[in-house]
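The residues making up each chain are set out below.
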Amino acid sequence: MNIVLFSFECGGYDHRLMRGGLSPLVWNLAREYAGAGHRVSVVTPAHGHLDTLRSAHRVEELDYRHDHDFPLVLDRRTWPDHPEHMGLPLSTRAHGIRVDGVDVYLLSNSFLDLLPDRIYPPPAFEGRDLAYCKPLVFQAEGVRFVDWLHAGEPAVVHAFEPFYHYVLPLVWGGDPLRRTVSTVAANAPITQSVYRPQVERLLESFGVTGLDLAALEPVPPVPGSPDDIVERTLAGTRMHERRGDDHVAFLPLVAAHADLVDFVSPGQREWFTSFEGSPFDPLFRRLPVSRLLRDSPERLLDGGCGVSDSWLARDPGAVDRADVLRSLGLSPRRPTFYHASRYAVHHKGQLELMRAVENVLAEDRDVNFVIRCSTGSAARGAEPANAHFQGVADRYPDNVHLTWELADEDLLFRHAAVADFCVYPSKYELDGFLIAQAEAMACGSVPIGSAQRVTDHFGHALPHDDPRSTGFAVRRSFRDGDADLTGELTARIREALRVWREEPDLYQRLSDRARSTARSFTWERSARTRLDGFARILEGDTRRASAPVTASRAPVVPAPTDPGEETGMAPRRCRTRRGPDGLVHVEYQAPGVERVEAVASSSGEDGGPRSPGQSAAEARASDEAVPADANAPVLVPLEHSEGLFHGSVTPPPGGHLVLLLTRGSGSTEWESVPAPLRAGRPRAVPPYRLVATDLDGTLLRDDRSLSPRNRKALALVAEAGAHHLVVTGRPASACRRLFGDIGYRGLAVCGQGAQLYDAARDALLFSAELDRDLARSVVEGVQTLLGEPEMELGVVTAAPEGSCVVTGGFRPRIRHGWSVTRDRSSLWKRPIDKVLLQQPNVADEKVVDAATRAAEGRVSVVHSDHGIVELLPSGTDKARGLARAAELLGCGPEHTVAFGNMPNDIPLLAWADHGVAVADAHPDLLAVADETVPAHDRDGVAVALEWIFAPHHHAEGK
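Residues numbered from 1 in each chain as written. Predicted model: local features only at pLDDT ≥ 70, side-chain atom pairs only at ≥ 80, totals over all residues. Heavy atoms only, no water.

Draft legend 1. Broad picture of the overall build of the protein chain. Along the backbone of the protein chain there are 30 helices and 41 strands. Relative to the globule expectation of 30 Å for 958 residues, the C-alpha radius of gyration of the protein chain, 32 Å, shows essentially globular dimensions. Its C-alpha atoms put the protein chain at 100 × 70 × 55 Å along the principal axes. Carbon and sulfur atoms form 49% of the exposed surface of the protein chain, whose accessible area is close to 36300 Å². Where the 104 positive side-chain charges of the protein chain centre and where its 131 negative ones centre are 2 Å apart. (Helix = DSSP H or I, 4+ residues; strand = E, 2+ residues; numbered from the N terminus. Rg over C-alpha atoms; globule rule 2.2 N^0.38 Å. Areas by Shrake-Rupley, 256 points an atom, 1.4 Å probe, with all protein chains shown as cover. Lys, Arg positive; Asp, Glu negative; His and termini not counted. Charge placed at Lys NZ, Arg CZ, Asp CG, Glu CD.)

Right, here's the structure in full:
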């Protein structure tokens, strides 16, 4: 095979170029591929290191030159001081070196040679320094170089980290000479996105057009809904990136268009297909990419990861422990804890680690800590990256050796070989494998690590009586500055010290298991797994995503628990009240839950990124992305005493108090409860959270107005924190003016359930079209069954136009503003949402029967109004539309009361827990309703809502 490894970083052949775990991953696989007899090349930026490399390697300049203006398109909201469209003049050259049978090609130009010390542009460069665009430039230049290098030859392009190669599968999709494999090494947020106009412009430069880049983006949550509150809260964390509609997440693009998506551990693959137990879980289930990954298992690969042969060939016993520790200023007789990783305060758990070190040393000085937080600088004597960390080391010089320098394998091995324990409290499930932990374990170091799914291959989370157990575990963590994690790390380090001092046999068993477990992760095995996958895709034994995946609409926030209701293993109870100060006071009982946090409005007073444990300058200098949304809602822990969580917060707008529950394992779930809108006595959770009403003949009077009493009753619904949802047969286009007249600003199910419309934003979130040829065929069949005279017809054209055109005799039409045509053939010239049938000389029931027979199940037949029968896309009814909307609002049938008046409302009332018909409803609906209330012109809806949401209203004679 001809294999091209495409990577922004590949310094495994020369440690001076290494900045993270990507280098050994790429280089060890390249060597194994070459050793198996394949033609292997690596394409990577030169990063300004050509002169450095010439001192140790033979560097050859290739006959390749590409001079052009790179098309840069900038989001002016992010780059206010730069023009929107720019042409970057670039002159790209290529140089090559050959190492261990691998051809390494180094691309060089004025952008790819930027940042030679740190290689990666820091996230803080976005919006300020065009060097931030260096990875994008690499993708474009790399595509052109690979096509030049392997012109006319088939090749598997194995690319690493989606952010650095998402353009490749889009450009080469469908190219018989290119098969793309995307390796997800680190777990960046799955919603991390890029500016779509930039990607589209870049694709145009390669002649790629017609791709719907937005097809894999989710339907936005309803503003103020629990979904919306959760998503905005997550945008202030490291789990989710929230950008505008003109951005596109790059990982879904790779997942949809690459031939294989490759993961570095089985746990990482499981994580990316579920996010189970994390705060991101409910949002992930709403993303279209969740179904794409779940439904394409044949395109997912567990390639794995490994420890280098050179590391495994070394003998830890040959390292002089005393000499190494004395050289670090530490006592050889003490147990030694080791951490070596790039400097990443939060996702590596280094802040909590250093705080735990302080806690341990405050009581026990008979212990060593060797901590390496490597920064981007390759210089000796690198400046401290974090003043607090350095302050801890300075206070305990006899116990802590802290360094910020990069190191070669010799030095790293000596330090790992003298370590009794290694500590890796990785957070947010962001590390897919953790090579550094595996290397330390291969030397016999007993691990203390997070009980993450992505690292369960190390066995440290297993109980010590399990023969596979290797060490100690702390809970998963999904928050910065996690005091609970600090406490657990402190406890685990103390427990490890006790085992080392008092149970040497147990320590030795754990050490032996750690060594054997880590040494089972070989690059030879990892490469063989991937090569088998490459052979499959070259033979065509896999498939690309044939079409964009539509958005999944699983509920984001579980429904609130009513008092006394059982959820899972234990009952939960919640009481809320709003005080005169505007704060919502909450009392929450949740057995089995160790932590409850309430979402509160953020003041945004600091005006900048929030990153505890770092100064603002340190955060800007770090290559660890900082959540940039200073105005995102924040999580406020509730106090816990005597089994009750309690506290006071100002919840975000929307009428919901949203809670994040954390169990002892670190797994989480969200809940929402209604937030009282007014000060006063505590309110119980309302009996229903969702009120679904038909409009014409139900909620509205005959003049299409909303009566004062109905308006007040809907205010009671809002005050209780419940939702009012309109469910109407009218198309969304016919609702805009009406909604403005009655002041409706919520979510609406329109077109008999075929459309989902957000009135507040005037946005159509979902719309199903009706096949015109099929509809015309059914209409002809109905006419044949009914005979003469000719039916009157109408069609509602598809969004965004959404107009209604009817034949001359159709009645009524003034109320909807319908237009009239005398040319019946014109009805079928544009895409349509539904067809209206009217035969004034035939009973409605006979028209329904004829339409049902003619349709033969191919379309839905709905009796929506007196004298009107509708044809809609198959499966369409108000119940399905309501279910779609209810999921977005975090509700289910058991939380819903529904009102209607016609047979098309039968599915609506059947879906809801309680179905109500107005007294003047159609007999078919009255026969199935749970309750009948006064007629629509006598405020029947209000009568029911007053009983449900304000029972004291009647008791007090009001």
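Draft legend 2. Expanded view of the pattern of salt bridges. All chains considered together, the criterion is met by 57 salt bridges. Across the salt bridge formed by Glu231 and Arg242, the nearest N and O atoms sit 3.6 Å from each other. Separated by 11 residues along the polypeptide, Glu231 in helix H6 (residues 226-234) and Arg242 in the loop between H6 and strand S9 (247-249) bring together distant segments of the chain. Judged by its relative accessible area of 11%, Glu231 falls in the buried class. (Salt bridge = Lys/Arg side-chain N within 4 Å of Asp/Glu carboxyl O. Buried < 20%, exposed > 50% of the residue type's maximum accessible area, 1.4 Å probe, protein only.)

Draft legend 3. Layout of the side chain of Ser108. Structurally, the position occupied by Ser108 is in strand S5 (residues 102-108). Separated by 2.6 Å, the side chains of Ser108 and Asp113 make a polar contact. For Ser108, the contacting residues outside a window of four places in its chain are Ala46, Leu50, Ser91, Thr92, Arg93 and Asp113. (Polar contact = N/O pair within 3.5 Å; in protein donor to acceptor, adjacent residues only side chain to side chain. Contact = heavy atoms within 4.5 Å.)

Draft legend 4. Spotlight on the sheet that holds strand S27 (residues 668-674). Pairing is antiparallel across the open sheet formed by 4 strands, whose spatial order is S23-S22-S26-S27. Two strands close off the open sheet at either side, each with one partner strand: strand S23 (634-637) and S27. Strand-to-strand twist in this sheet, taken as the mean axis angle between neighbours without regard to direction, amounts to 35°. Sheet strands in contact with H6 are strand S22 (593-600), S23, strand S26 (656-663) and S27, and its direction is about 60° off that of S26. (Pairing = 2+ DSSP bridges. Axes fitted to C-alpha atoms, helices over the stretch in contact; angles between N-to-C directions.)

Draft legend 5. Spatial organisation of H6. Buried residues dominate H6, accounting for 8 of its 9 residues. Residues of H6 that are buried include every one of Pro226, Asp227, Asp228, Ile229, Val230, Glu231, Thr233 and Leu234, and no others.

Draft legend 6. Here's a closer look at the sheet that holds strand S15 (residues 421-424). The strand order across the open sheet formed by 6 strands is S14-S13-S12-S15-S16-S17, and the pairing between neighbours is parallel. This sheet does not close on itself; its edge strands, each paired only once, are strand S14 (400-403) and strand S17 (472-474). In this sheet, neighbouring strand axes are inclined to one another by 15° on average, regardless of whether the strands run parallel or antiparallel. Two strands pair when backbone bridges link them, and strand S12 (residues 336-342) and S15 are joined in this way by 2 bridges, in the parallel orientation. Bridging from a neighbouring strand, Tyr338 pairs with Cys422 of S15.

Draft legend 7. Broad picture of the side chain of Ser41. With respect to the element layout, Ser41 can be found in strand S2 (residues 39-45). Assessed through its relative accessible area of 3%, Ser41 is described here as buried. Residue contacts for Ser41: discarding those within four places in its chain leaves Ile3, Val4, Leu5, Asp103, Tyr105, Leu149 and His150.

Draft legend 8. Representation of the pairing of strand S33 (residues 792-797) in the model. Counting buried positions along S33 yields 6 of 6 residues, so the element is predominantly enclosed. Here S33 shows a buried face lined by Glu792, Gly794 and Val796 and a second buried face lined by Leu793, Val795 and Thr797. Note: S33 against strand S36 (residues 832-838), 6 bridges, orientation antiparallel. Paired with Thr797 across the two strands is Ile832, which belongs to S36.

Draft legend 9. Broad picture of the packing of helix H13 (residues 350-363) against helix H14 (residues 387-395). Running from N to C, H13 and H14 point in directions that differ by 25°, and their axes come no closer than 10 Å. Taken together, the axes of H13 and H14 lie roughly parallel to each other. Here H13 and H14 pass one another in a crossing that is left-handed. Residue-level inspection shows Gln350, Leu351, Met354, Arg355, Val357 and Glu358 of H13 in contact with H14, the latter providing His388, Phe389, Val392 and Arg395. (Parallel < 35°, antiparallel > 145°, perpendicular 65-115°, else oblique. Left-handed = near helix turned anticlockwise from the far one by under 90°.)

Draft legend 10. The arrangement of the nonpolar core in detail. Within the largest apolar cluster, 148 residues are counted, with the highest numbers of intra-cluster contacts made by Leu5, Tyr13 and Ile190. Core analysis: the next-biggest nonpolar cluster, separate from the first, contains 58 residues, Leu699, Ala748, Leu765 and Val918 among them. (Core = buried A, V, L, I, M, F, W, Y, C linked by side-chain atoms within 4.5 Å.)

Draft legend 11. Structural view of the environment of Phe369. Turning to its location among the elements, Phe369 is positioned in strand S13 (residues 368-374). You can call Phe369 buried: its relative accessible area is 2%. Along the backbone, Phe369 and Asn904 are 535 residues apart, and their C-alpha atoms lie at a distance of 71 Å. In this structure, Phe369 is in contact with Leu330, Phe337, Val357, Val360, Leu361, Asn399, Val400, His401 and Ile493, ignoring residues within four places of it in sequence.

Draft legend 12. Inspection of the packing of aromatic side chains at higher detail. Counted under the stated rule, the structure contains 35 aromatic pairs. Arranged with centres 5.0 Å apart and planes meeting at 50°, the rings of Phe739 and Tyr744 form a pair that is tilted. Each member of the pair Phe739 and Tyr744 is classed as buried. Here the aromatic cluster, defined as three or more aromatic residues joined through ring pairs, consists of Phe6, Phe8, Tyr120, Phe138, Phe163, Tyr164, Tyr166 and Phe250. Of note, Arg314 hangs over the ring of Phe413, and the distance from its end group to the ring centre comes to 5.6 Å. When the ring centre of Phe766 is taken as reference, the NZ or CZ atom of Arg884 above it lies at 3.7 Å. (Phe/Tyr/Trp six-rings, centres within 6.5 Å; stacked < 30°, edge-to-face > 60°. Lys NZ or Arg CZ within 6 Å of the ring centre and 35° of its normal.)

Draft legend 13. Representation of unusual backbone geometry within the structure. In the segment running from Glu788 into Pro789, the intervening peptide bond is cis, with an omega of 0°. Among the secondary structure elements, Pro789 is positioned in the loop between helix H24 (772-786) and S33. One non-glycine residue with positive phi stands out, namely Asp100, at about 50°. Among the structural elements, Asp100 can be located in the loop between strand S4 (85-99) and S5. In this structure, Ile119 is a non-glycine residue whose phi angle is positive, near 70°.

Draft legend 14. Broad picture of the confidence of the model for the protein chain. Confidence in the prediction for the protein chain averages 88 pLDDT; 92% of positions are at 70 or higher. In the predicted structure, residues 543-570 sits below a pLDDT of 50 and forms 86 contacts with residues beyond four places in sequence or in another chain. Under a pLDDT of 50 for its full length, residues 604-609 has, in the predicted model, 7 contacts with residues more than four places off or in other chains. (pLDDT = per-residue confidence, 0-100.)

Draft legend 15. View of helix H7 (residues 250-257). Taken across its 8 residues, H7 has 7 buried, putting it largely inside the fold. Burial in H7 covers these residues: Phe250, Leu251, Pro252, Leu253, Val254, Ala255 and Ala256.

Draft legend 16. Structural view of a negative patch on the surface. A contiguous patch of negative charge on the surface is contributed by Asp702, Asp703, Asp920 and Asp937. Mapped onto the fold, Asp702 is located in the loop between helix H21 (695-699) and helix H22 (708-719). Judged by its relative accessible area of 55%, Asp702 is exposed. (Patch = residues over 30% accessible without salt bridge, like charges linked within 9 Å, V, L, I, M, F, W, Y side chains within 5 Å.)

Draft legend 17. Representation of the environment of Ile742. Counting through the fold element by element, Ile742 comes out in helix H23 (residues 736-742). Between the alpha carbons of Ile742 and Leu700 there is a distance of 9.4 Å; along the sequence they are 42 residues apart. Leave out the neighbours within four places in its chain, and Ile742 touches Leu700, Arg704, Leu706 and Arg711.

Draft legend 18. Main features of the packing of H22 against helix H29 (residues 940-949). Axis separation between H22 and H29 bottoms out at 9 Å; the angle between their running directions is 30°. Between H22 and H29, the angle falls in the class roughly parallel. The two elements H22 and H29 meet at a crossing, and its hand is left-handed. Mapping the contact onto sequence places Arg709, Asn710, Ala713, Leu714, Leu716 and Val717 in H22 and Val941, Ala942, Val943, Leu945, Glu946 and Phe949 in H29. In terms of residue class, the contact of H22 with H29 is built from 9 nonpolar, 1 polar and 2 charged. (Nonpolar A, V, L, I, M, F, W, Y, C, P; charged D, E, K, R; others polar.)

Draft legend 19. Molecular detail of the pairing of strand S34 (residues 804-807). Residue alternation in S34 divides its side chains into two sets, Cys804 and Val806 and Val805 and Thr807, and both sets are buried. Examined bridge by bridge, S34 and strand S35 (residues 819-821) share 3 bridges and lie parallel to one another. Residue pairing for S35: Val805 is matched across the bridge by Ser819.

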